[in-house]
Amino acid sequence: MKALLSIPIAAALTCGTLTAGAAEPLKQQLVGTWSVISFVNENERTGKATKVFGSDPKGYFMFDAANHFSINLMRPGRPKFGRRDFPLPGESRAALEGIIVMFGDYKVNESEHSISLQIIGGSFPAWDNTNQKRFIAINGDELTYKNPTPASGGGTAVVTLKRAASASE
């Protein structure tokens, strides 16, 4: 009788150990709001790393459980101008070059550690209605987000993000 009782207990303990040790799916880890820590263009050819959005970029990357995303990235210190509808040409250029904004839907590929972005729209019109792949790695509260497509100056764009604290924290 003791042997029969110990089998279900051993099975329950084993299942509990396996469940507790199993990694949380990548999508589940990704869902939430992430604060931008750095944006670097790593040029493998030259070995040079450029801080494209300065030393203290601002922004959030948001991924919800229903597969929607919003990315807002900004270089601090962009020139200010008073009339949004009528900036001078130099002001418009500096403002546009200092932001990346996009939104749409996403799908996670667990085995590749990648996400496919279906970009509906954003600050760079050539990306509207396109599909793009990014590679991601999550380690605790840090997310590394890589764009494998070479940047206009060459290299790979790498964004480091930290899980944003909730308003109640």
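For clarity, every value in this text was computed on a predicted model and none was experimentally measured.

Chemist: What is the right way to look at the pairing of strand β1 (residues 32-43) in this model?
Modeler: Walk down a regular strand and you will see the side chains alternate between the two sheet faces. Across 4 bridges, the pairing between β1 and strand β3 (residues 58-63) is antiparallel. The partner of Trp-34 across the bridge, within β3, is Phe-61. Pairing of β1 with strand β9 (residues 156-163) involves 8 bridges; the strand directions are antiparallel. For Asn-41, the partnering residue across the bridge sits in β9 and is Ala-157.

Chemist: Sorry, what's going on with the packing of aromatic side chains here?
Modeler: Each aromatic ring pair is summarised here by two numbers: the centre-to-centre distance and the angle between the ring planes. Counted under the stated rule, the structure contains 4 aromatic pairs. When the centroid spacing of 5.3 Å and the interplanar angle of 80° are considered together, the rings of Phe-63 and Tyr-106 count as edge-to-face. Within this pair, whereas Phe-63 is found in strand β3, its partner Tyr-106 is found in strand β5 (residues 99-109), the two being separated by 43 residues in sequence. For Phe-63, a relative accessible area of 2% gives the class buried. On the basis of an interplanar angle of 85° and a centroid distance of 5.3 Å, the ring pair of Phe-124 and Trp-127 is categorised as edge-to-face. Under the relative-accessibility criterion, Phe-124 is labelled partly exposed at 43%.

The rules behind each value
- Here the residue index of a chain counts from 1 through its sequence in written order.
- Local features in this predicted model are restricted to residues whose pLDDT is 70 or higher, and side-chain atom pairs enter the listing and the counts only when it is 80 or higher, whereas totals over whole chains, interfaces and linings include all residues.
- Just so you know, side-chain values use all the structure's heavy atoms and leave hydrogens and water out.
- For two strands to be treated as a pair, DSSP must find no fewer than two bridges joining them.
- For helices the rule is a DSSP run of H or I covering at least 4 residues; for strands it is a run of E covering at least 2, with both sets numbered from the N terminus onward.
- The rule is short: rings of Phe, Tyr and Trp, with Trp giving its six-membered ring, pair when the centres are within 6.5 Å, and they are stacked under 30 degrees, edge-to-face over 60, tilted in between.
- Throughout this description, buried means an accessible area under 20% of the type-specific maximum (1.4 Å probe, protein chains only), exposed means over 50%, and partly exposed covers the range between.

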